[in-house]
Amino acid sequence: MQQEHWDCSYTEETAGARLSFHVWPSSRLEATRCVAPIGALYTPLKKLPPACAPPTALQYDPIRCSTATCHAVLNPYCQVDFRTKLWVCPFCLTRNHFPPHYAENISENNLPAELIPQFATCEYELPSVPPAGPPAFVFCIDTCAPVEELAELADSIQQILNLLPEDSLVGLITFGTNVQVHEIGFSGLPKSYVIRGNKEYGTAKVSQLLGCAPVAGGRGGGGAPPPPAPPGQQQPNGMPPQQQTYESPGQQVLRRFLLPVSECSMTVESILEDLRKDPWPVPSDKRVARCTGSAMSVATSLLDLALPRSGARLMMFVGGPCTSGPGAIVNRLKTEDMRSHADISRNAEPLHKPACEFYASLAKRNHPAAGKKGSSTQAAANASATSSHVVDVFACSLDQVGMLEMAELVEATGGQMVLGDSFGQSVFKESLRRVFRTFEPDVPEDGGKMQMAFGATLEVLTSREFKVSGAIGPVTSLGKKSPNVSDLEVGKGGTNAWSLGGIDPGTTVAIYFDITNPGTSPLPEGKRRFIQFLTKYQHANGRTRLRTTTLCGPWYNPPPGEDDKRAPPQPGVNGYNGNMEQPSPVKMSFDQEAAAVLLARVAVNRTGSEDVADVLRWVDRSLIRLCSKFADYVPDDPNSFRLIPEFSLFPQFVFHLRRSQFLQLFNSSPDEAAYYRYILNRENTTNSLVMIQPTLLSYSFNGPPQPALLDSQSVRPDTILLLDTFFHVVVFHGETCAAWREQRYHEQEEHAAFRDLLEAPQADAQTIMDNRFPVPRYIVCDQHKSEARFLMAKLNPSQTHNSEGGGGAQVFTDDVSLRVFMEHLMKLAVQT
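What you see is a predicted model; the values in this text were computed from it and never measured.

**Notes on the packing of helix 16 (residues 592-606) against helix 18 (residues 650-659)**
Helices that pack against each other are described as a pair by the angle of their axes relative to one another and the distance between those axes. With their axes 10 Å apart at the nearest point, helix 16 and helix 18 run at an angle of 30° to one another. Comparing their axes, helix 18 and helix 16 come out roughly parallel. Helix 16 and helix 18 meet at a crossing whose hand is right-handed. Seen from helix 16, the contacting residues are Gln-592, Glu-593, Ala-595, Ala-596, Leu-599 and Ala-600; seen from helix 18, they are Phe-650, Phe-653, Val-654 and Leu-657. A breakdown of the residues in the contact of helix 16 with helix 18 according to their chemical character gives eight nonpolar, one polar and one charged.

Take a look at the structure:
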C-alpha cells in the first residue's frame, strides 16, 4: 500500500502543499506518540506546472456538495456514477446530482477539468461575483525623516508610479506632527487638508474634515443636500430638479483624493519633488512629534469611504518611532529610553500595551465594544481587515519604529514588513519594487498582471477521521465552527476558515491537524484521508477567484501487539521496538524539513504567551521524545543510537533553531524580533529552512564551489565563503584571500584565476538576492574584521576560545557545539 521512500517535495511541486508525514497513524494515541506536528504547509497561489492544473482559470462557478456542513468542491477523488449522473463527496460521503449542463455531456471519455485525475488543483474565476475594479495604493509618508532620506523615498515612489497599471488608483498622505491628506484631484496648485495628529479618526469624522459630506450636483464642499426649490424654479446651483444628482462621500474621495495613476501621476510627482521636512520646531531635549497611528487611522478611514469592498494597499513609510497621538511607543523626552525585551517582560513599559491595543483595534473585524462610546470610530478603522485593505510597513531607521506593536495589524491584513537602516538602501528600494512584481509575459491569462491579490480567505475541509486544530501564519480567524474543528487548538484555532488579507505566490500558511479516530476502531485497509483547501481571493484584475486543492493520502494501522514492543527488550532481543527489522510506513514517510518548519512556527507562536526559556525546554523535550520514538538503539546504550536518513537532519535543524534569532533575543531589539518572526511565519519550507539553518558555500582553487558544513572548521585562510541566512547574504574572505586582494593581485593578468575566484561568490550572491523578498542585506567582509561577526555568529562552535588545537576559526561563545548537543540528546533518548 505504501511506497518505501517518499519524494517529500512532490506534493509541493504539484499542489503547493508540504506534509510532515505522508502516511498518517490511524489513531489519536499513535499520532500523539509521533511527537512531531501532523500538519501541512500550504502555498495558496503557487504557480503550478501545466500538467498539474488547468493553465487558465475556469470561467464558471464550481460544483459543490449539497450537504450544509460540507460544501466541498467537485474534485478528482470523487466517485462518479456516469449512468445515474451522480457523484459521491469523499468528505461526507453524500451522493450529489450533477447539474443538467454537466449531466448532458459528462462521460468517462469526456470529463470536466475538475475531474481530470492529475488536476488536483483547479482555479475558478467566479462570474457570480461582480468585478471589484482596479486596486488602489495609498502612500503614507513620514516627513520627520531627514531631508536626504525624504529625497530617496520620493525617488523610489516616483519609480513605483511608473510600474503601476494606468487604471490603478493612487492617493498620498504625509504625516509628521500633523496629518496632511493631499487633494491630488485639485488642479492648478498643491492643496491638502491638515488634520491634527493627536487622536484617532473614524470614517464619519474623516468625511467631515475632508468636506466629503453628500452634496448636490457633484461639487465639493460640505453640508447636507439643499432643500428643494419652489415649483418651476431651478435649484441654487442652476440645474433643473430632474438633473440633480447627489454625490456620496466615497464618490467625492474617488474624485478628489484617489485618482487613476494616468490622471494624477504628474500632480503626485510634483508633490513628491517638493516634499519638505516637517516644519514644526523640535527642542533639543525632545524627540520629533510623529503621529504614525493617527495617520494610519485617517488612511484606513479614507479607503473605507471610497473602496469598502475593493482591493487596496496602505503603504506606510516610517522613519522613526511614533511619539504623538494613538499608537505612541515612547515619550518625546529623550531622557526616556526606548522599550527593550526586559521592559516588556516586566510590564515596565506603560505605552506598549495601549499601542498594541490601538493597532489591534484597526485589525479586528468586529470590535467587542459595538455599542459603547467611541465604537463607531473603532468599527470604521476595523475596515482594513474586512474590506480587502492591506497595510504594509516599510521601516527605515537606526532606531526602533514600533514594528512590534504594528505586527498584529500587518499580520491581520496580510501586509508586508520591510526593516532597513535607510531609504537609500537597496534593502528598501528593491524590496519596494518587488511588491509590485508582475507575472512573466508568457504566463497564460495572467501574463503581465501584478502578482499581488487581495481579500483572501482560506477554508480547510477534512474527512471524518481527523479535524483541524488551527493555523499559524498571516491569518485571522473567521470563527467558523464546523464539525471538522478540533477542540485541541494550535495557533489560531477553533475554526476551519481564516482571513489572509493580501497574499502573493509566496505566502505560505501552516495548517495543523488532530487525528480523532480512537484506537479501539482501526480503519479499513485501503482507507484514504482527504484534505481540501479552498482559497477565495480578489485577483489584481478585480475579478474574484476560487482555488481548490485536494490532497489524498493513506492511513497506517499498526499491527496488533506493536505497542508491546516498546517495552525494553529482554536479553537476546536484537534492537529496540522492532524498528531495525521493519520500519513502519509512518516512519519512512517523514518529511524532516516540513516538520522542522512546522515545529519552528509552533515555537515562535508560543513565544507570544510564554517565556522564551520555557519554549526552549518544550523544543528540547519534543526532540528527545521524537528520537526515543523513531531512532534505532539498544536501551541505555548511547553508542547504539542510529537515525534513518528520513530523520537524520532533524536534530541538526532543532539545534540551529535553538540558536536562531527566532528564539534567542540577545543582541536584537523587540522590533527586529517581531520582524524576523513575522517573515518566518509567511515563507515557504525552503526559505524557512534557510532562516533556521543558513546555507554555506566554499570557494577555493581546489575546484568548483562546494557546500560546506555550517561549522567553524569551514573557515580557512585560503577560501572564500558565501553565507545565506535569508536576511543577510555574506561574502567572507579568508585571511590569505583578503591579503591578496588588498595587494591587488586580482588586477594582474597572470592572476586571472584569483580574479575569477573573487567574482564567483559575488555573482552567486547576486543570483540569490535577485529572487528574494524582502531583499537581503549584502555584506562583504574579511576574516578578523568587524563584519565577520555576521558569519561567525551562525557557525557551529566546534572550536571556541576554550578549545585546544584543531583547525578552523575560533568562535567566542559559551554555546555548546552540535557534537556536544548530539551526545546529550543520545544519552537522554536511550534512557529507559
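**Some thoughts on the pattern of salt bridges**
Taken as a whole, this structure holds 36 salt bridges when the rule is applied. Note that Asp-142 and Arg-290 form a salt bridge whose closest N and O atoms lie 2.5 Å from each other. Here the residue Asp-142 occupies a position in strand 8 (residues 136-142), and Arg-290 occupies one in the loop between helix 7 (261-273) and helix 8 (292-306), the gap between them amounting to 148 residues. The same class applies to Asp-142 and to Arg-290, which are both buried. Across the pair Glu-183 and Arg-256 runs a salt bridge, and its minimum N-O distance is 3.3 Å. Taken as a pair, Glu-183 in the loop between strand 10 (178-182) and strand 11 (192-196) and Arg-256 in helix 6 (residues 249-256) lie far apart in primary sequence, 73 residues in all. We classify Glu-183 as buried; its relative accessible area is 7%.

**Some words on the layout of surface pockets**
As a volume, the largest pocket reaches approximately 1,600 Å³. Lining the largest pocket are 46 residues; nearest its centre among them are Gln-661, Phe-666, Asn-667, Tyr-676 and Phe-790. Split by residue class, the lining of the largest pocket holds 21 nonpolar, 15 polar and 10 charged. Within the residue set of the lining of the second largest pocket, elements represented by two or more residues are helix 9 (341-345), helix 10 (352-363), helix 13 (403-413), strand 19 (466-472), helix 16 and helix 19 (670-680). Of the residues belonging to the lining of the second largest pocket, the class tally is 13 nonpolar, 10 polar and seven charged.

**Observations concerning the side chain of Ser-27**
Note on placement: Ser-27 falls in the loop between strand 2 (24-25) and helix 2 (28-33). Look at Ser-27 and you get buried, because its relative accessible area is 7%. Each residue touching Ser-27, except ones within four places of it in the same chain, is listed here: Ile-515, Asn-517, Pro-518 and Gly-519.

**Observations concerning the sheet that holds strand 5 (residues 86-88)**
Ordered in space as 4-5-6, the three strands form an open sheet in which the pairing is antiparallel. At either margin of the open sheet sits one strand with a lone partner, and together these are strand 4 (79-81) and strand 6 (95-97). Direction aside, neighbouring strands of the sheet carry axes that sit 25° apart on average. When strand 5 meets strand 6, the two strands line up antiparallel, connected through three bridges. The partner of Val-88 across the bridge, within strand 6, is Arg-95.

**Quick word on the pairing of strand 30 (residues 728-733)**
In regular strands, side chains alternate between the two faces of the sheet. For strand 30, the tally of buried residues reaches six of six residues, placing the bulk of the element in the interior. Burial along strand 30 is two-sided: His-728, Val-730 and Phe-732 facing one way and Val-729, Val-731 and His-733 facing the other are all buried. The pairing of strand 29 (residues 720-724) with strand 30 spans five bridges and is antiparallel. In the sheet register, Leu-721 faces strand 30, and the bridge partner there is Phe-732.

**Observations concerning the side chain of Arg-256**
Taking the relative accessible area as the measure of exposure, Arg-256 reaches 4% and is therefore buried. Within the structure, the side chain of Arg-256 is placed 3.3 Å from the side chain of Glu-183, a separation counted as a polar contact. For Arg-256, the side chain forms a polar contact with the main-chain oxygen of Gly-211, separated by 3.1 Å.

**Comments concerning helix 6**
Those residues of helix 6 lying buried are Pro-249, Gly-250, Gln-252, Val-253 and Arg-256. The buried residues of helix 6 all sit within an arc of 160° when viewed along its axis, so they share a single face.

**Focus: the packing of aromatic side chains**
How two aromatic rings sit relative to each other is set out by the distance from centre to centre and by the angle between their planes. In the structure shown here, the tally under the stated rule is 32 aromatic pairs. A centroid spacing of 5.8 Å and a plane angle of 65° characterise the contact between Tyr-193 and Phe-257, whose relative ring orientation is edge-to-face. Taken together, the residues span a long stretch of sequence, with Tyr-193 in strand 11 and Phe-257 in the loop between helix 6 and strand 14 (259-260) at a distance of 64 residues. Centre to centre, the rings of Phe-466 and Phe-513 are 5.5 Å apart; their planes meet at 85°, and the pair counts as edge-to-face.

**Remarks on the environment of Arg-658**
You can see Arg-658 is positioned in helix 18. Sequence separation between Arg-658 and Ile-692 is 34 residues, and the spatial gap between their C-alpha atoms is 8.9 Å. The contacts of Arg-658, once residues within four sequence positions are left out, are Leu-616, Val-619, Asp-620, Leu-663, Gln-664 and Phe-821.

**Quick notes on helix 13**
The element helix 13 is largely enclosed, with a buried count of nine among its 11 residues. Those residues of helix 13 that sit buried are Met-403, Glu-405, Met-406, Ala-407, Leu-409, Val-410, Glu-411, Ala-412 and Thr-413. With its phi angle positive at about 70°, Gly-414 sits one or two positions after the end of helix 13.

Criteria and cut-off values
- Residues numbered from 1 in each chain as written.
- Predicted model: local features only at pLDDT ≥ 70, side-chain atom pairs only at ≥ 80, totals over all residues.
- Heavy atoms only, no water.
- Axes fitted to C-alpha atoms, helices over the stretch in contact; angles between N-to-C directions.
- Helix = DSSP H or I, 4+ residues; strand = E, 2+ residues; numbered from the N terminus.
- Parallel < 35°, antiparallel > 145°, perpendicular 65-115°, else oblique.
- Left-handed = near helix turned anticlockwise from the far one by under 90°.
- Contact = heavy atoms within 4.5 Å.
- Nonpolar A, V, L, I, M, F, W, Y, C, P; charged D, E, K, R; others polar.
- Salt bridge = Lys/Arg side-chain N within 4 Å of Asp/Glu carboxyl O.
- Buried < 20%, exposed > 50% of the residue type's maximum accessible area, 1.4 Å probe, protein only.
- 1 Å grid on protein atoms, 1.4 Å probe; cavity = no way out; pocket = protein on both sides within 12 Å on 5 of 7 lines; lining within 4 Å.
- Points joined across faces, edges and corners; volume = space filled by probe spheres on them.
- Pairing = 2+ DSSP bridges.
- Polar contact = N/O pair within 3.5 Å; in protein donor to acceptor, adjacent residues only side chain to side chain.
- Arc of directions from axis to C-beta.
- Phe/Tyr/Trp six-rings, centres within 6.5 Å; stacked < 30°, edge-to-face > 60°.

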